[in-house]
Amino acid sequence: MVCVMAMAMVYVVAGWEPARATFYGGPNGEETLQGACGYENTIKQGYGLQTAALSTALFNDGAACGACFEIYCTNDPQWCKKPAVSIKITATNFCPPNYTKTVDVWCNPPQKHFDLTLPMFLQIAYYKAGVVPVSYRRIPCVKQGGMRFYMNPSGNPYFILVLIYNVGGVGDVVAVRVKGSRTGWIPMQRNWGQNWFTSTQLKGQELSFQVTTMVGWEPARATFYGGPNGEETLQGACGYGDTIKQGYGLQTAALSTALFNEGTACGACFEIYCANNLQWCKKPTVSIKITATNFCPPNYSKTVDVWCNPPQKHFDLTLPMFLRIAYYKAGVVPVSYRRIPCVKKGGMRFYMNPRGNPNFILVLIYNVGGVGDVVAVRMKGSRRTNWIPMQRNWGQNWFTSTPLKGQGLSFQVTISDGRTVESDNVGWRTHARRRHGHTLPGSQLWCSRAVSSVPPWHCFGP
């Protein structure tokens with residue numbers, strides 16, 4: 001048995017969400033020290049009794065093991081203790097669903113539920129309550145010392161089984177690679193919980209580990225549409241006329257209702273990888289980076305395979321993108337995704353839609369860096385001193401009915417993180433009669449290479 005130390009990481013606190021909480025075990029927590037995450041003794045391994053078993057909706061097939069949460073009792077004056085205090089716990093176990101019951105099915109999907117140790121429950125609620133409504137949020141895991149790698153004695157020279165614990169930052173591990181002193185990096189697979197394995201023989205070698213945690217990652221699903229050349233995916237609900245000509249290529253996706261947000265997500269960039277499906281996810285695991293350029297509409301006439309119906313988070317990828325992470329026959333696969341900065345060449349582009357006229361200026365804004373999704377636009381003519389708010393027509397097409405015939409145009413573009421980029425006189429050299437149907441270059445928002453995986457990012461304008 002060997003323990004190896006590594007450095008911990010940093011995480012950004014998320015927002016509050018509603019859930020419920022119960023408790024299991026006795027006052028000393030003996031029944032809670034092990035569980036579905038593979039931790040052998042939560043007290044000895046540093047988690048103490050500040051732990052919980054998570055429902056199916058939160059456990060995510062074991063990927064949430066090690067994640068840290070802050071929880072407080074809410075909206076129950078009878079059973080929530082006063083003054084309200086919060087507790088901080090780590091996910092170390094699974095609260096299994098019970099499909100034989102029709103009431104008190106706290107851990108059945110899609111319920112979000114925490115089954116706390118009794119000492120933790122009693123910090124926020126009274127014993128007789130049994131179950132209480134709570135609010136929760138993800139928080140950073142603060143640990144003493146480095147990560148720990150427990151070489152499970154159930155393994156052997158041909159089957160290395162490692163439990164990873166005491167992980168700082170987000171706490172939950174999503175990928176592991178191991179390297180012997182005489183080998184390259186070898187991807188490991190999740191055995192169960194936070195136990196990872198490889199069948200590569202590394203007997204007699206010193207071991208190194210690379211551990212990837214779920215910084216900003218969320219669960220979703222992915223399918224594909226269109227053919228191998230992607231002809232059917234080049235346009236769509238965001239208004240981009242030709243994603244290849246406009247720089248997005250086939251690295252695009254149609255988003256479900258829950259992600260599309262009525263078109264405000266158009267232009268947002270995501271990183272996606274296939275997760276938790278050994279049969280259909282390609283190995284070694286790789287991620288793809290895509291831009292939201294289309295909408296995957298819901299189908300309320302179906303009761304199965306309703307991937308794009310709310311509240312499902314779903315990406316309908318182009319076929320070439322899907323085949324980089326999964327096999328064709330899979331059809332649909334579970335994925336993890338996160339927002340990432342959009343890295344673009346050159347400035348923003350303002351396409352003066354020929355459907356417009358001197359009294360109705362319609363502009364498609366594309367090639368937007370930073371967070372990528374535009375939330376507000378203002379424009380100004382060269383003979384006006386005031387900025388004119390534009391309205392979203394559809395996708396990333398914006399319009400104004402203010403006549404600006406024969407004037408040079410300036411734009412102020414605000415993206416979803418609040419940053420505004422001003423492009424002055426982008427159409428100054430374009431003749432007014434020929435402006436419609438032309439693309440005008442603008443300024444850009446650039447992000448540093450050392451960008452974080454979760455916003456706010458270190459980006460700057462012209």
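Scroll up to find the structure.
Source: prediction; values computed, not measured.

*Asks:* Can you walk me through the overall build of the protein in this structure?
*Replies:* The number of helices and strands found in the protein is four helices and 30 strands. Taken across its 462 residues, the protein has 50% of its residues classed as buried. Sequence-distant contacts in the protein: of pairs separated by 6 or more residues, those separated by 24 or more amount to 71%. Surface accessibility of the protein: about 22000 Å² in total, with carbon and sulfur atoms responsible for 52%.

*Asks:* Would you explain the nonpolar core in this entry?
*Replies:* For soluble globular proteins, the rule of thumb is that nonpolar side chains tend to be buried together. In terms of nonpolar packing, the biggest core is built from 32 residues, with L54, F69, I71, I89, F114 and L116 touching the most fellow members. Among the nonpolar cores identified, the runner-up in size contains 31 residues, and L259, C266, I272 and I288 belong to it.

*Asks:* Mind showing me how you'd approach the packing of aromatic side chains here?
*Replies:* How two aromatic rings sit relative to each other is set out by the distance from centre to centre and by the angle between their planes. Throughout the structure, instances matching the rule amount to 19 aromatic pairs. Plain terms: the ring middles of F224 and Y328 are 5.2 Å apart, the flat faces sit at 40 degrees to each other, and that makes the pair tilted. With a gap of 104 residues between them, F224 in strand β14 (residues 218–225) and Y328 in the loop between α4 (319–325) and β19 (333–340) connect regions that are remote in the sequence. Using a relative accessible area of 21% as the deciding quantity, one classes F224 as partly exposed. Seen from their ring centres, F350 and F411 are 4.3 Å apart, and the 15 degrees between their planes marks the pair as stacked. Taken together, the residues span a long stretch of sequence, with F350 in strand β20 (residues 349–352) and F411 in strand β26 (residues 409–415) at a distance of 61 residues.

About the thresholds
Residues numbered from 1 in each chain as written. Predicted model: local features only at pLDDT ≥ 70, side-chain atom pairs only at ≥ 80, totals over all residues. Heavy atoms only, no water. Helix = DSSP H or I, 4+ residues; strand = E, 2+ residues; numbered from the N terminus. Buried < 20%, exposed > 50% of the residue type's maximum accessible area, 1.4 Å probe, protein only. Contact = heavy atoms within 4.5 Å. Areas by Shrake-Rupley, 256 points an atom, 1.4 Å probe, with all protein chains shown as cover. Core = buried A, V, L, I, M, F, W, Y, C linked by side-chain atoms within 4.5 Å. Phe/Tyr/Trp six-rings, centres within 6.5 Å; stacked < 30°, edge-to-face > 60°.

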